[in-house]
Amino acid sequence: MTELSGRRNKACYYVLCLAVETACGCLPEEPAMKAVCAAVGRRTGMSSPAAAKALSRVTADIWDFGNRDKLREIYGRPVLERPTPKELVWVLAYYCWPGEDSPSQPPLRRSASF
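Everything numeric in this text was worked out from a predicted model, so none of it was measured.

## Here's the deal with the packing of helix α4 (residues 68-75) against helix α5 (residues 85-96)
Reasoning step 1: Relative orientation of the contacting elements α4 and α5 amounts to 70°, with a least axis distance of 9 Å. Compared by their axis directions, α4 and α5 come out roughly perpendicular. Seen from above, α4 lies across α5 with left-handed handedness. Seen from α4, the contacting residues are Lys-70, Leu-71, Glu-73, Ile-74 and Tyr-75; seen from α5, they are Glu-87, Leu-88, Val-91, Leu-92 and Tyr-95.
Reasoning step 2: Tallied by class, residues from the contact of α4 with α5 come to seven nonpolar, no polar and three charged.

## Here we look at the confidence of the model for the protein
Reasoning step 1: Averaged over every residue, the pLDDT of the protein is 84; the share at 70 or more is 86%.
Reasoning step 2: Confidence, read as mean pLDDT per element, is least for α4 in the protein (92) and greatest for helix α2 (residues 33-44) (96).
Reasoning step 3: Confidence drops under a pLDDT of 50 for residues 102-114, and excluding neighbours within four residues, the segment shows 30 contacts in the predicted structure.

## As for the environment of Arg-72
Reasoning step 1: Considering the arrangement of structural elements, one finds Arg-72 in helix α4.
Reasoning step 2: In contact with Arg-72, other than residues within four places in its own chain, are Arg-77, Pro-78 and Val-79.

## Describing the environment of Val-79
Reasoning step 1: The residue Val-79 is located in the loop between α4 and α5 in this model.
Reasoning step 2: A sequence separation of 16 residues divides Val-79 from Trp-63, and the C-alpha atoms of the two residues are 9.7 Å apart.
Reasoning step 3: When sequence neighbours within four positions are dropped, the list of residues in contact with Val-79 reads Trp-63, Leu-71 and Arg-72.

## Regarding the nonpolar core
Reasoning step 1: Formed by 36 residues in total, the largest nonpolar core has its most connected members in Leu-16, Leu-55, Ile-62, Leu-71 and Leu-92.
Reasoning step 2: Contributing elements (two or more residues each) for this core: α1 (12-24), α2, α3 (48-65), α4 and α5.
Reasoning step 3: With near-sequence residues (within four places) excluded, Leu-71 lies in contact with Leu-4, Ile-62, Trp-63, Val-79 and Leu-88.

## Here's the deal with α4
Reasoning step 1: Where α4 is concerned, the buried positions are Lys-70, Leu-71, Ile-74 and Tyr-75. Seen end-on, α4 carries its buried residues on one side only, within an arc spanning 135°.
Reasoning step 2: Packed against the buried residues of α4 are α3 and α5.
Reasoning step 3: Phi turns positive, to about 80°, at Gly-76, one or two residues after α4.

## Some points on the pattern of salt bridges
Reasoning step 1: Taken as a whole, this structure holds five salt bridges when the rule is applied.
Reasoning step 2: Linking Lys-86 and Glu-30 is a salt bridge whose minimum nitrogen-to-oxygen distance equals 3.6 Å. With Lys-86 in helix α5 and Glu-30 in the loop between α1 and α2, the pair connects residues that are 56 residues apart, well separated along the chain.
Reasoning step 3: The class for Lys-86 is partly exposed, based on a relative accessible area of 37%.

Conventions adopted
- Counting restarts for each chain: residues are numbered from 1 in the order of the written sequence.
- For a predicted model such as this one, the threshold for reporting local features is a pLDDT of at least 70, and the threshold for listing and counting side-chain atom pairs is 80 or more; totals across whole chains, interfaces and linings nevertheless cover every residue.
- Hydrogen atoms and water are omitted, and side-chain values are computed over all heavy atoms in the structure.
- Axes here refer to lines fitted to C-alpha atoms; in helices the fit is confined to the stretch in contact. Angles between the N-to-C directions go from 0 to 180 degrees.
- We count a stretch as a helix when DSSP gives it H or I for four or more residues in a row; a strand needs E for two or more, and each element gets its number in order from the N terminus.
- Should an angle lie under 35 degrees it is considered roughly parallel, over 145 roughly antiparallel, and from 65 to 115 roughly perpendicular; all remaining angles are considered oblique.
- The handedness criterion is simple: a crossing whose near helix is rotated anticlockwise from the far helix by less than a right angle is left-handed, and one whose near helix is rotated clockwise is right-handed.
- Contacts: residue pairs with any heavy atoms within 4.5 Å of one another.
- Polarity classes work like this: nonpolar for Ala, Val, Leu, Ile, Met, Phe, Trp, Tyr, Cys and Pro, charged for Asp, Glu, Lys and Arg, and polar for all others, with Gly in that last group.
- pLDDT expresses how confident the predictor is about each individual residue, on a scale running from 0 to 100.
- In this text, buried Ala, Val, Leu, Ile, Met, Phe, Trp, Tyr and Cys residues form a nonpolar core when linked through side-chain atoms within 4.5 Å.
- When a residue's accessible area, from a 1.4 Å probe over protein chains only, is under 20% of the maximum for its type it is buried; when over 50% it is exposed; and in between it is partly exposed.
- Comment: arc refers to directions from the helix axis out to C-beta atoms.
- We define a salt bridge as a side-chain nitrogen of Lys or Arg found within 4 Å of a carboxyl oxygen belonging to Asp or Glu.

Structure representation (structure tokens):
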């Protein structure tokens, strides 16, 4: 996460890590963001809307201040516009997921540390 992040000290990066961890538990199925935000909320004590807002903030921070080369590596292609929080969480989860590649999705390079 440190390689990807813009301003890593922001609290919303913790929320992103929890969301990605939650999404990894759902793969190969694409998780619903409502369920991901609810799970993050249970772990942090924040409401689901607050978790969703934190994911929006972290997505914007990565886009505005993060490492675009690392983002391109994770996506496996150039990223021409800011991803949605849902897309970012799903792609990061898939990137980290140790399971088999989902046949409905193009394989992405995964690593435990990004």
